[in-house]
Amino acid sequence: MGAALSCNLSNQYNLYCILLPLYILSTSAWNKKLFPPPLLLRLPCLSNSSRHMRFVSVKPYPHQNPHKRRTPRTPSFVSSRISCMALSDFLVTDDLTIILALVAAGLFLLHNLYKPQPLVHPILLGRQSDVARVRNPKESAVMRNYGTGMLGRFPVRPAKEQQVLLDLVKPDSDSSRTLWSTKITNPQLRQRVSAFGTGLIRVAGLDPEESNVLLLLNDGIEFLITDLALASHSIPSFTLSSPSVLTPVLEEHPPSAIVVHAEFLPQLLELIHDSNDGVHHTIIVVGNTDLDKHLGAIRLLKWEDIERQGAQADQLTPATPKPQDVFTVSFFATPDGQLRGTSLTHENLTAGVTSTRALLPLSGAISPLDTIVSAHSLSTAFGRAVAYTAVFEGTNFATLKSSQFFTAAETTSFDLADLKSVESYPIPSPTLLFAKPSHLTSLSSAILDEARRSSFFFHTLAWRHKFAGIVDGFLTKQSLWDRLVFDDARAKIMGKGAGTVRGVIVAGAPLEAQALTPARIALSVPLVNSHIHPAVAGPVLASHPLDLQTFPTTPATSGSSAADNFAFAYQAPVGPPSINVEAKLLGVDDVAVEDGADPIGALFVRGPSVGKLLHVEQGEENIPEEDRGWVETGQVVKLTIHANL
Amino acid sequence: MSFDLTTPVNTALLLYILYTVQRILFPSNSVPSTVPIEFKSGYSWMPKSHPPTLLFKTYTPKTLEPFNGEEGKRILLAIKGVVYDVTAGRNFYGPNGMYANFAGRDASRGMAKQSFDVEMLTPIDQPLDKLEDLTSEEIESMKGWMDHFSSKYIVCGRLVENDAT
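Residues numbered from 1 in each chain as written. Chains lettered and ligands numbered in written order. Predicted model: local features only at pLDDT ≥ 70, side-chain atom pairs only at ≥ 80, totals over all residues. Heavy atoms only, no water.

- Under an unreviewed UniProt entry, the name given to chain B is Cytochrome b5 heme-binding domain-containing protein, and the organism recorded is Somion occarium.
- The UniProt entry for chain B carries the following comment under Subcellular location (unreviewed entry): "Endoplasmic reticulum".
- According to the UniProt record, the Sequence similarities (unreviewed entry) comment for chain B reads "Belongs to the cytochrome b5 family. MAPR subfamily." (UniProt positions renumbered as here; feature names shortened; annotations may be inferred.)

- If you look chain A up in an unreviewed UniProt entry, it shows as AMP-dependent synthetase/ligase domain-containing protein from Somion occarium.

In C-alpha cells:
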C-alpha cells in the first residue's frame, strides 16, 4: 500500500485525504448524535411504482400522542403500501448512504486500480535464456542470454576502441576520481603506467614476452599500475586467487620477478628459502623495508624507485599487443585442492568488462558519478573485471579488507565490519556494491534487526506492505514505509551509504533463497544474484536486476541425489547466462529430461570472456571446431524453467 | 440531515468500506503454493515446461523410415548423413505434399539432381547411396540444399548404415 501510494502520489493522497475525513466525520457525527432528535427523515421509497420522494414521519413530534393510532388503511392499499414499505425498509437510504457510497467507490478504485506496475514485465522474466532446438545425448541444450540469442554474436568489447587492457583507461576523459586512496585522472594514470613500464624494462631488466612476473600484491593502485604496465609491455603476469596456491606455483611455474608488499616479504623470503630453487629472483617491494638490496641470489628493488627512475628516463613505447595475447595467468585451487591455472587474454578482460557493465539495468547504468566497492580481489578473474569496469567507466573504486590476502594478519570474515572497512579510504559513499552473499545477509539482517528494535508495530506493517509490493513485482526505496521505518535503520547501519547505495551484485557463493526477500526489503535496490568462476572474467550467470519473483521452496525431485535436492531447494535462482557466455550441462539424465524434469548436470561454459584452462584435455584436437572451447566449471547446476539454479 | 448507520444499505456499504480499508492497510502477503503458469495469473510465474528440444539421435535407414509424417508423426529427412526435422514443412514433405517421397528417407541424390522421382531413393535395406557418380555441380546444388535446410529446419541427427550401430 505504501508502494501504491507513492506511485501516483498527488492524486491518491488527495483522494485519500478527502475520503477518509469524510468517512470519519460521518461516523463520528452519528456517534455523537450531533443532530437533534426531532428531525424529518426523507426516505426515498425505491418501490417499483414511484421514485419520487415522499415525506413519511417516523419519529413522533413531541406534542403528538405517541400511542395514538393512525386511521387504519384499506386492505388493498395496505398490501401495496406494505410491499413498498418492505422493500423500502430494506433499501432505506439517506445522506449517509450517499457519503458511504462515495467513500466505497473511492476505496474500490484505490484498491483495485492503483496497483503498482511491476518494475519489469513478467513476460520478460519468463524468457530469460534462449535455448537451442537440439541437444546431444546426455547433455542439455546450449543456452544463451535471450538478449544475445542463439544466432547473435557475443559482444567482445565495450566499444571499438577498447582492444587491449590499456585502452580501458580512456585517454580522453580528464576527470579525476579516487582509486583506493589516490586521486588520479586517466592521463595521469597512463603516465604512471608508462613510467613504471619503462622502469621495469630498464631498471628491473625484464624482457617483454620472455619474463613473467608474479603479483603478490593486495589490491591497490600499485596493483593496477603494475598490471597495466606489464600488459602493455606484453609481459605475462601471474596472480593467485588465494595464498594457499603460492607454494605450488613457485614450484611449478617459477616467475622471473615477484612484486610483493613489504609486510608479506618475510613470509615470501621464507618460502623461497624453503623451496631452495636456484632461480635468481628479482623482488620488487611496495612500501618500506629495511632489508638489504641483495639477499644472496635475490635482488630487492623498491617499487617507488622503479617508477621514479622510469619517469626520469626516456619513455619506451612498446608494441601494442594483440587482443588475443595472453596477459595474465590466474591460478586458483579447485575444491579438492588441485592447482589450476587459467590464461586470460586482453579480449577476455574486455569481454568481461562488457558483461559486467550489462549487469545493471540500462536506466541505472554505471556512470562516472558512481563509486564501486568490490569484495573480489583483483587477483581473481571476476575481481579484475570489476576493477577494470570501474576504471573504464571512470568511477571511484575501492575493495574491501577481506580481499587483501597477502597480509600477515588473520583473514577477515565476510560481514558487516568488512563492508565498513571501505570507509577508511577517502572515496565518496559507495553506490554499487559487488559483494559476497554473507555480506548481503549480514547487512540485511542488521538493518531489519535495527528496524524491528526501533518500532515493532510499524516494522511488521511496513514489512507487510513492502512484501505485498514485491509479490506484485514492485519495489522502491522512496515509499512511505521506507521513510517511516527503514530509512532510519539503514542510516544507522550503513551511514551515508544508506542514501547512496543503488545496486548490489552478489557473487562468489550460492545465495540462499530465504535471504532473498529480507535483503530486497531491507535494501530496496536492484539486487543481482550472479554466479562466477575463477576461469571466467565477468559473471557466468546473472539474474535480472529488477527481478522480484518469489517462489515457494521447490519440492524435492525424485531421481536426484539427496545433496542435490537439499542444495537446489534452498538456493536462490541465479538467472540466465550473461550476455557473452553460452552454457550447457553435461551428465544429464536423458530419460528424466524427456519426461519433463529439470536437467541437472555439470556446467560447461564457452564465450569470449571465458579464459583457457592451462591443462588441456587429451584429444582436444579431435573435437571439431564448433565443439571446442568448452570449459568445465566443475559445478553442478539445475535448470529451472526460465532460470538456472 | 440525520444519519442512520443501521439501515441495511448503510451497513452493507460500511462493511465493504471497512473490508477495503483493512485490505489496503494490511495487504495480503500470500505467495501461492502452486506457481502460476501464465503471466496474467501472477507476477511470480513460470512457464509450464522447458522449451522443447530435440535429442540428437543416430538413425539408420530403417529407423528413419517411420518418420514420414503419417498419423501426425514427425517428418525427418536426411541429406548426406545429416538428418533434418522438417515437421514445420508438413505441406511439402507431409503425406500429401509435393515432396512426400523424401520423408523418412535419404534424399541426397534427389537434392543433388534436383529431382523428386522415386528412382532417386535407395531402398531401405540396401547400403546408403555413396553418391560417387555425381558431378561437381550436383554436389554444389546438394550443398546448397543442405545450407537451406540448416537454416530453415532443425538438424536433429545423423544417418548411418543399417548395421553400423
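Observations concerning the overall build of chain B
So, point 1. When helices and strands are counted, chain B shows five helices and five strands.
So, point 2. Along chain B, helices and strands appear, N-terminal first, in the series α-β-β-α-β-β-α-α-α-β.
So, point 3. In chain B, buried positions account for 43% of the 165 residues.
So, point 4. Surface exposure of chain B reaches about 9,000 Å², of which carbon and sulfur atoms provide 56%.
So, point 5. When the 16 positive and 19 negative side-chain charges of chain B are each reduced to one mean point, those points stand 7 Å apart. (Helix = DSSP H or I, 4+ residues; strand = E, 2+ residues; numbered from the N terminus. Buried < 20%, exposed > 50% of the residue type's maximum accessible area, 1.4 Å probe, protein only. Areas by Shrake-Rupley, 256 points an atom, 1.4 Å probe, with all protein chains shown as cover. Lys, Arg positive; Asp, Glu negative; His and termini not counted. Charge placed at Lys NZ, Arg CZ, Asp CG, Glu CD.)

Concerning the confidence of the model for chain B
So, point 1. Confidence in the prediction for chain B averages 83 pLDDT; 96% of positions are at 70 or higher.
So, point 2. In the predicted assembly, ipTM is 0.79 and pTM is 0.81. (pLDDT = per-residue confidence, 0-100.)

Remarks on the packing of helix 6 (residues 186–202) of chain A against helix 10 (residues 303–312) of chain A
All names here are of chain A.
So, point 1. Here helix 6 crosses helix 10 at 100°, and the two axes come no closer than 7 Å. Regarding the angle of helix 6 to helix 10, the classification is roughly perpendicular. Where helix 6 abuts helix 10, its residues Arg-192, Ala-195, Phe-196, Thr-198, Gly-199 and Leu-200 lie against Trp-303, Ile-306, Glu-307, Gly-310 and Ala-311.
So, point 2. Each residue belonging to the contact of helix 6 with helix 10 can be placed in one class, and the counts come to six nonpolar, three polar and two charged. (Axes fitted to C-alpha atoms, helices over the stretch in contact; angles between N-to-C directions. Parallel < 35°, antiparallel > 145°, perpendicular 65-115°, else oblique. Contact = heavy atoms within 4.5 Å. Nonpolar A, V, L, I, M, F, W, Y, C, P; charged D, E, K, R; others polar.)

With respect to the confidence of the model for chain A
Residue and element names in this part refer to chain A.
So, point 1. With 77% of its residues at a pLDDT of 70 or more, chain A has an overall mean of 79.
So, point 2. Note that pLDDT drops below 50 for residues 31–62; the model gives that stretch 33 contacts with residues more than four away or on any other chain.
So, point 3. Across residues 618–622 the pLDDT falls below 50, and counting only partners more than four positions away or on other chains, this stretch makes three contacts in the model.

Here's the deal with the interface of chain A and chain B
So, point 1. Counting residues at the interface gives 67 residues for chain A, matched by 46 residues for chain B.
So, point 2. Buried area between chain A and chain B, summed over both chains or domains, comes out near 5,000 Å², and the portion from carbon and sulfur atoms is 71%.
So, point 3. On inspection of chain A and its partner chain B, the count reaches zero salt bridges.
So, point 4. The interface formed by chain A and chain B includes 12 residue pairs in polar contact (both at pLDDT 80 or more).
So, point 5. Looking at the side of chain A that touches chain B, the elements that each hand over two or more residues are helix 2 (9–32), helix 3 (75–90), helix 4 (95–113), helix 5 (122–125), strand 4 (134–135), helix 15 (456–471) and helix 20 (590–594) of chain A.
So, point 6. Looking at which element gives the most residues to the side of chain A that touches chain B, the answer is helix 4 of chain A, with 12 residues.
So, point 7. Class assignment of the residues belonging to the side of chain A that touches chain B gives a composition of 43 nonpolar, 13 polar and 11 charged.
So, point 8. Pairing between strand 4 of chain A and strand 1 (residues 54–55) of chain B: two bridges, direction parallel. Within strand 1 of chain B, the position partnered with A:Arg135 by the bridge is B:Leu55. (Buried area = accessible area lost by both parts, 1.4 Å probe. Salt bridge = Lys/Arg side-chain N within 4 Å of Asp/Glu carboxyl O. Polar contact = N/O pair within 3.5 Å; in protein donor to acceptor, adjacent residues only side chain to side chain. Pairing = 2+ DSSP bridges.)

Concerning the environment of A:Pro236
All names here are of chain A.
So, point 1. Within the fold, Pro-236 resides in the loop between helix 7 (221–232) and strand 9 (237–240).
So, point 2. C-alpha separation for the pair Pro-236 and Thr-412, spaced 176 residues apart in sequence, amounts to 30 Å.
So, point 3. Excluding residues within four positions of it along the chain, Pro-236 makes contact with Ser-211, Asn-212, Val-213 and Phe-327.

What about the packing of helix 4 of chain A against helix 1 (residues 8–25) of chain B?
So, point 1. At their nearest, the axes of helix 4 of chain A and helix 1 of chain B sit 9 Å apart, and the two run at 30° to each other. Taken together, the axes of helix 4 of chain A and helix 1 of chain B lie roughly parallel to each other. Two packed elements cross with a definite hand, and for helix 4 of chain A against helix 1 of chain B that hand is left-handed. Counting all contacts with helix 4 of chain A, which are made through A:Leu96, A:Thr97, A:Leu100, A:Ala101, A:Val103, A:Ala104, A:Leu107, A:Phe108, A:Leu110 and A:His111, the residues of helix 1 of chain B involved are B:Val9, B:Asn10, B:Leu13, B:Leu14, B:Tyr16, B:Ile17, B:Thr20, B:Val21, B:Arg23 and B:Ile24.
So, point 2. Within the contact of helix 4 of chain A with helix 1 of chain B, the residues separate by chemical class into 15 nonpolar, four polar and one charged. (Left-handed = near helix turned anticlockwise from the far one by under 90°.)

Regarding the side chain of A:Thr226
Residue and element names in this part refer to chain A.
So, point 1. Take Thr-226: it is sitting in helix 7.
So, point 2. Within the local environment of Thr-226, its side chain forms a polar contact with the backbone oxygen of Glu-222, the two atoms lying 2.4 Å apart.
So, point 3. Each residue touching Thr-226, except ones within four places of it in the same chain, is listed here: Phe-196, Leu-215, Leu-217, Val-259 and Trp-303.

Description of the packing of aromatic side chains
So, point 1. Counted under the stated rule, the structure contains 15 aromatic pairs over all chains.
So, point 2. Seen in terms of ring centroids, A:Phe382 and A:Phe434 are 6.3 Å apart; in terms of plane orientation they differ by 55°. Their pairing is tilted. Here A:Phe382, found in helix 12 (residues 381–393), pairs with A:Phe434, found in strand 18 (residues 432–435); they are 52 residues apart in sequence, far enough to count as distant.
So, point 3. A relative accessible area of 2% places A:Phe434 in the buried class.
So, point 4. Ring geometry for B:Tyr93 versus B:Tyr99: centroids 5.7 Å apart, planes at 50°, classification tilted.
So, point 5. According to the relative accessible area criterion, B:Tyr93 is buried, its value standing at 5%.
So, point 6. Linked through ring pairs, B:Tyr84, B:Phe92, B:Tyr93, B:Tyr99, B:Trp145, B:Phe149 and B:Tyr153 together constitute an aromatic cluster.
So, point 7. Note that A:Lys170 overlies the ring of A:Phe392, its terminal NZ or CZ placed 4.3 Å from the centroid.
So, point 8. Here the guanidinium or amino end of B:Arg74 rests over the ring plane of B:Phe67, the centre of that ring lying 5.6 Å away. (Phe/Tyr/Trp six-rings, centres within 6.5 Å; stacked < 30°, edge-to-face > 60°. Lys NZ or Arg CZ within 6 Å of the ring centre and 35° of its normal.)

Quick look at the sheet that holds strand 4 (residues 82–85) of chain B
Residue and element names in this part refer to chain B.
So, point 1. The strand order across the open sheet built from four strands is 2-5-4-3, with neighbouring strands paired in mixed fashion. Pairing within the sheet leaves two strands with one partner each, and these edge strands are strand 2 (57–59) and strand 3 (76–79). Each adjacent strand pair in this sheet contributes to an overall mean axis angle of 40°, direction not counted.
So, point 2. Bridge count for strand 2 against strand 5 (residues 154–159) is three bridges, and the pairing is parallel.

Quick look at the pairing of strand 9 of chain A
Residues and elements named next belong to chain A.
So, point 1. Here strand 9 shows a buried face lined by Ser-237 and Thr-239 and a second buried face lined by Phe-238 and Leu-240.
So, point 2. Across three bridges, the pairing between strand 8 (residues 213–216) and strand 9 is parallel. Its bridge partner lying in strand 9, Leu-214 is registered against Phe-238.
So, point 3. In this view, the connection linking strand 8 to its parallel neighbour strand 9 by way of helix 7 has right-handed handedness.
So, point 4. Bridge count for strand 9 against strand 14 (residues 326–333) is four bridges, and the pairing is parallel. The partner of Phe-238 across the bridge, within strand 14, is Val-329. (Right-handed = clockwise from strand over helix to strand, strands pointing away.)

A look at the pattern of salt bridges
Note on pairing: side chains with opposite charge can pair once their charged atoms come close.
So, point 1. This structure, assessed with the given rule, holds 21 salt bridges over all chains.
So, point 2. Between A:Lys492 and A:Glu450 there is a salt bridge, with the nearest N and O atoms lying 3.1 Å from each other. With A:Lys492 in helix 16 (residues 480–494) and A:Glu450 in helix 14 (residues 437–454), this residue pair connects regions lying 42 residues apart in the sequence.
So, point 3. Residue class for A:Lys492 comes out exposed when judged on its relative accessible area of 59%.
So, point 4. A salt bridge links B:Arg109 to B:Asp133; the shortest N-O distance between them is 2.9 Å. Note that B:Arg109 is positioned in helix 4 (residues 108–113) and B:Asp133 in the loop between helix 4 and helix 5 (136–152), a separation of 24 residues in sequence.

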